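# Architecture at a glance
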Amino acid sequence: MYDIIIIGAGVSGLTSAISAKTHKPDLNILVLEKQNKCGRKLSASGNGKCNVTNVLFEAECYHSSDRDFVSAFASAHSPDEVKDFFDYCGIPLYNNNGYYYPLSNQAKQVTCKLIELCERLGIEILTDKEVVNISSADGYCIYR
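All of the points below concern the structure found in this document. Here the structure is a predicted model, which is why all the values come from computation and not from measurement.

### Re the layout of surface pockets
There is about 850 Å³ of room inside the largest pocket. Forming the boundary of the largest pocket are 26 residues, of which T15, V52, F73, V82 and F86 lie nearest the centre. Counting residues per element, the ones that place at least two in the lining of the largest pocket are α1 (11–23), α3 (67–76) and α4 (79–88). In terms of residue count, α1 provides more of the lining of the largest pocket than any other element does, seven residues in total. Across the lining of the largest pocket, the residue classes tally to 14 nonpolar, 11 polar and one charged.

### Thoughts on the nonpolar core
In this structure, I18 and L114 are the most contacted members of the largest nonpolar core, which totals 24 residues. Element by element, the count of residues in this core is highest for helix α5 (residues 107–121), at six residues. Dropping the residues within four chain positions of it, I18 is found in contact with F85, Y88, C89, L114, L117, C118, L121 and I123.

Thresholds, definitions, all that
- Residues numbered from 1 in each chain as written.
- Predicted model: local features only at pLDDT ≥ 70, side-chain atom pairs only at ≥ 80, totals over all residues.
- Heavy atoms only, no water.
- 1 Å grid on protein atoms, 1.4 Å probe; cavity = no way out; pocket = protein on both sides within 12 Å on 5 of 7 lines; lining within 4 Å.
- Points joined across faces, edges and corners; volume = space filled by probe spheres on them.
- Helix = DSSP H or I, 4+ residues; strand = E, 2+ residues; numbered from the N terminus.
- Nonpolar A, V, L, I, M, F, W, Y, C, P; charged D, E, K, R; others polar.
- Core = buried A, V, L, I, M, F, W, Y, C linked by side-chain atoms within 4.5 Å.
- Buried < 20%, exposed > 50% of the residue type's maximum accessible area, 1.4 Å probe, protein only.
- Contact = heavy atoms within 4.5 Å.

Written out as structure tokens, the structure is:
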């Protein structure tokens, strides 16, 4: 039985799993990914360099249909939180003209480090698993 099941092992799914497990180590977490690899888009981001955040952390910098959510989030958080999280993950960042990149300049390294940390924290990741139904009545996730 899992306490949390995260659908998608991209950067959002992996970082969500790490954050949840870090804050509550007793949680049993499962991440499901329909592709055969985790973080495929992340591995190719920023021309392979992986721009993880920006100095300018304002609502106007982000696209969303829910502007109120973006504004509230941007005013409550900062790029320092993102930098601290990646530092915790063993991925030091550097600033290049207001854009933060991993010191390695390799997006693939970011993906590998996030997966490695998930494994070290005991977060289970299953690939080639497409979620086909979610039932709120009994709380179970059906996947194939």
